[in-house]
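Spelled out from the first residue to the last, the chains are:
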Amino acid sequence: MLSALINAFRVPDLRRKIFFTLFIIALYRLGSYVPVPGVDAAGLGEAFSKSMGDNPAMLMLNIFSGNALSNFSVFSLGIMPYITASIIMQLMQGVIPSLQRMAREGESGRKRITQITRYLCLGLGFINAVGYLFMFQSKQYGLVLPQGMEFLTSCIIVLTLVAGVGFIMWMGELITQRGVGNGMSLIIFANIIAGFPNVILQSWDQNLALTVLIFIVVLLVIPGIVLVERAQRRIPVNYAKRIQGRRVMGGQSTYIPLKVNGAGVIPIIFASSLVYFPLQLAVFFNVEWLSAFSNALSRGPVNWVVTFTLIVFFCFFYTSMVFNPEDTGDNLRKQGGFIPGVRPGTATVQYIKNVINRITLPGGIYIALIAVVPSILFMFTNDPLISTFGGTSILIMVGVALDTMSKVESQLKQHHYDGFFK
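About the thresholds
- Position numbers for residues count from 1 along each chain, tracking the sequence in the order it is written.
- Totals for whole chains, interfaces and linings use every residue, but because this is a predicted model, local features are given only for residues with pLDDT of at least 70 and side-chain atom pairs only at 80 or more, for both listing and counting.
- As a convention, hydrogens and water are excluded, and side-chain values are obtained from all of the structure's heavy atoms.
- By definition, a salt bridge exists where a carboxyl oxygen of Asp or Glu is found within 4 Å of a side-chain nitrogen of Lys or Arg.
- Only DSSP runs of H or I reaching four residues or more are called helices, and only runs of E reaching two or more are called strands; each is numbered from the N terminus.
- Exposure is judged per residue with a 1.4 Å probe applied to protein chains only, and the accessible area is read against the type maximum: over 50% gives exposed, under 20% gives buried, and values in between give partly exposed.
- Each C-beta atom gives one direction from the helix axis, and the arc is the one those directions make.
- Surface patches are defined over residues having more than 30% relative accessible area and no salt bridge, joining like charges when they lie within 9 Å and nonpolar side chains (Val, Leu, Ile, Met, Phe, Trp, Tyr) when within 5 Å.
- The protein chains shown are the only cover counted for residues, whose accessible areas, like all others here, come from Shrake-Rupley with a 1.4 Å probe.
- Both cavities and pockets are sets of points on a 1 Å grid over the protein atoms alone; in a cavity a 1.4 Å probe fits but cannot get out, in a pocket the set is open with protein on both sides within 12 Å along at least five of seven lines, and lining residues sit with an atom within 4 Å of a point.
- Grid points are joined across faces, edges and corners, and a volume is the space filled by probe spheres set on the points.
- Under this grouping Gly is polar, as are all residues other than the nonpolar Ala, Val, Leu, Ile, Met, Phe, Trp, Tyr, Cys and Pro and the charged Asp, Glu, Lys and Arg.
- Whenever a helix is involved, its axis is fitted only over the stretch in contact; in every case the axis is a line through C-alpha atoms, and angles between N-to-C directions fall within 0 to 180 degrees.
- Should an angle fall under 35 degrees it is taken as roughly parallel, and over 145 as roughly antiparallel, whereas 65 to 115 is taken as roughly perpendicular and any remaining angle as oblique.
- Working rule for contacts: check all heavy atoms of both residues, and any pair within 4.5 Å makes them a contact.
- A strand pair is defined by DSSP finding two or more bridges across the two strands.
- Ring geometry is summarised as follows: Phe, Tyr and Trp rings, the Trp one being its six-membered ring, pair when their centres sit within 6.5 Å, and such pairs are stacked at plane angles under 30 degrees, edge-to-face over 60 and tilted between the two.
- A clockwise turn of the near helix away from the far one marks a right-handed crossing, whereas an anticlockwise turn of less than a right angle marks a left-handed crossing.

(A) Geometry of the pattern of salt bridges. Going through the model one piece at a time under the given rule, you end up with four salt bridges. In this structure, the salt-bridge partner of Glu173 is Arg118, at a minimum N-O distance of 2.9 Å. Remark: Arg118 occurs in helix H8 (residues 107-136) and Glu173 occurs in helix H9 (residues 150-178); sequence separation between them is 55 residues. Residue class for Glu173 comes out buried when judged on its relative accessible area of 14%. If you follow the salt bridges from partner to partner, you end up with Asp13, Arg16 and Lys17 in one network.

Structural data, given as structure tokens:
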């Protein structure tokens, strides 16, 4: 692995991409500490820290924002509005025919869908910004705006937060286009990493033995996660021999690789966004019954059941979005390929669907358990390290790290270097 890292910096193009990615992440982390104008960031952060112990949903939102929410910085809304907008657009493609046609138009259609997602993200960011402003002005947090300038200051705060959402979205797309890996995933990765030092110190002060035990468990769990993340179900494919001109084509054997966890960390991110979305609505509307519902949904058995169900659902949903058995079967037929023992055409498509369903279910259960079990342990131990360094965080970090390493490896192999994976 060390030799692969050294080789990565030997390739000029890859070296520029790595430094560009690190620069954008550093710029994002800097923005997480720049408070919005017109607020007492120190007093607000102290009040927020006191309230997080009684509100696990706000704790998770703060983790995903990289502590920007507790600082009430320009990046307080984090990446959640963009993720929520992406979920809505993914769901709408299965309902609205015009979006279905747009998605099938190729690159031009994807660009139009991306543009709609951006506008939807800014709209959701505006709603969240107004909600957070109302929340911080409540008695629990005690945000006081300058007298005589309440309306003007409120408008500036909301516009600053919405601009922060747009800037985060732009930085994530820049990393995806000109850097290494998926920009949005790397931003979430950086946010989770940023909260570790403070949480480790808190856990160390509360219970040293439990902190050491958690680290031992994490070190044992990470290899298992890596093993499952790289596990594949390979469907063998043979190609019939055919003559084109004077050459004999085909006659080779290959396979279709299907990952056990084909959806990666996307189901957890989507499920977390939906579970904590009622909390954002409760903050905006300030309705008692909605607040009670969001608090019940964000902790305890209800949260465990809903989160588990949503993660398994999004595993099937996202896998069906990124892998189309009909297209795979049609491509095999056109190229003269076939699966041994399976008739070409409809039988091949159905066989691939059955294989995907059989491996997606255990994959979904696996990541659902990783996400839910630490929440159960946190309820009994109340250790902050479990909530921050729990299964969701570990899976996101491992998944993003493996994806980024795969992108770097593909670049290395183009320049005839050995990659990370042997």
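(B) A look at helix H11 (residues 196-206). Residues of H11 that are buried include every one of Phe196, Val199 and Ser203, and no others. For H11, the angular spread of buried residues about the axis comes to 70°, placing them on one side. What points out from H11, more than 90 degrees from its buried face, is the exposed set Pro197, Leu201 and Asp205.

(C) Structural context of a nonpolar patch on the surface. A grouping of Trp204, Leu208, Val212, Ile216 and Leu220 is seen on the molecular surface, where their side chains present a nonpolar patch of about 500 Å² in accessible area. It is helix H12 (residues 208-229) that provides the largest number of residues to the nonpolar patch, a total of four residues. As for its position among the elements, Leu220 is in helix H12. Judged by relative accessible area, Leu220 falls into the exposed class, the value being 64%.

(D) A look at empty space enclosed by the protein. Per the counting criterion, the structure on display carries three cavities of 30 Å³ or more. Approximately 50 Å³ is the volume attributed to the largest cavity. Forming the walls of the largest cavity are eleven residues, and the residues nearest its centre are Leu61, Ser76, Leu77, Met80 and Tyr132. Residues of the lining of the largest cavity, tallied by class, amount to seven nonpolar, four polar and no charged.

(E) Structural detail: the packing of H11 against H12. At a minimum axis separation of 5 Å, H11 and H12 run at an interaxial angle of 130°. With respect to H12, the axis of H11 lies oblique. Seen from H11, the contacting residues are Ile200, Ser203, Trp204 and Gln206; seen from H12, they are Leu208, Thr211 and Phe215. Here the contact of H11 with H12 is composed, by residue class, of four nonpolar, three polar and no charged.

(F) Region of interest: the sheet that holds strand S1 (residues 232-239). Across the sheet, which stays open at both edges, the three strands sit in the order S4-S1-S5 with antiparallel pairing between neighbours. The open sheet terminates on both sides in strands that have one partner only, identified here as strand S4 (253-259) and strand S5 (337-338). Across seven bridges, S1 lies against S4 in antiparallel orientation. Note on S4: the bridge partner recorded for Arg233 is Leu258.

(G) Structural view of the side chain of Ser154. Relative to the assigned elements, Ser154 resides in helix H9. Excluding residues that lie within four positions of it along the chain, Ser154 makes contacts with Leu133 and Leu145.

(H) Up close: the packing of aromatic side chains. Scanning the entire structure with this criterion turns up six aromatic pairs. Ring geometry for Phe313 versus Phe317: centroids 5.9 Å apart, planes at 20°, classification stacked. Residue Phe313 and its partner Phe317 are both found in helix H15 (residues 300-322); the two are separated by four residues, about one turn of the helix. Judged by relative accessible area, Phe317 falls into the buried class, the value being 16%. Plain terms: the ring middles of Phe314 and Phe317 are 6.3 Å apart, the flat faces sit at 80° to each other, and that makes the pair edge-to-face. Here Phe314 and its partner Phe317 are both found in helix H15, three residues apart, which amounts to about one turn of the helix. Assessed through its relative accessible area of 2%, Phe314 is described here as buried.

(I) How the structure looks around the side chain of Asn261. Examined against the element boundaries, Asn261 turns out to sit in the loop between S4 and helix H13 (266-285). Using a relative accessible area of 1% as the deciding quantity, one classes Asn261 as buried. Beyond its immediate stretch of four places on either side in the chain, Asn261 contacts Glu229, Tyr366 and Ile367.

(J) Summary view of the pairing of S1. As paired strands, S1 and S5 are joined by two bridges and run antiparallel to one another. Bridged to Asn238 within S5 is Phe338.

(K) Quick look at the packing of helix H6 (residues 80-93) against H15. Following both chains from N to C, one finds H6 and H15 inclined at 70°, their axes separated by 12 Å at the closest point. Between H6 and H15, the angle falls in the class roughly perpendicular. Considering the relative orientation of H6 and H15, their crossing is left-handed. Residue-level inspection shows Ile87, Gln90, Leu91 and Gln93 of H6 in contact with H15, the latter providing Phe314, Phe317, Tyr318 and Met321. Taken together, the residues of the contact of H6 with H15 sort by class into six nonpolar, two polar and no charged.

Everything listed here is a matter of geometry and, on its own, says nothing about what the molecule does.
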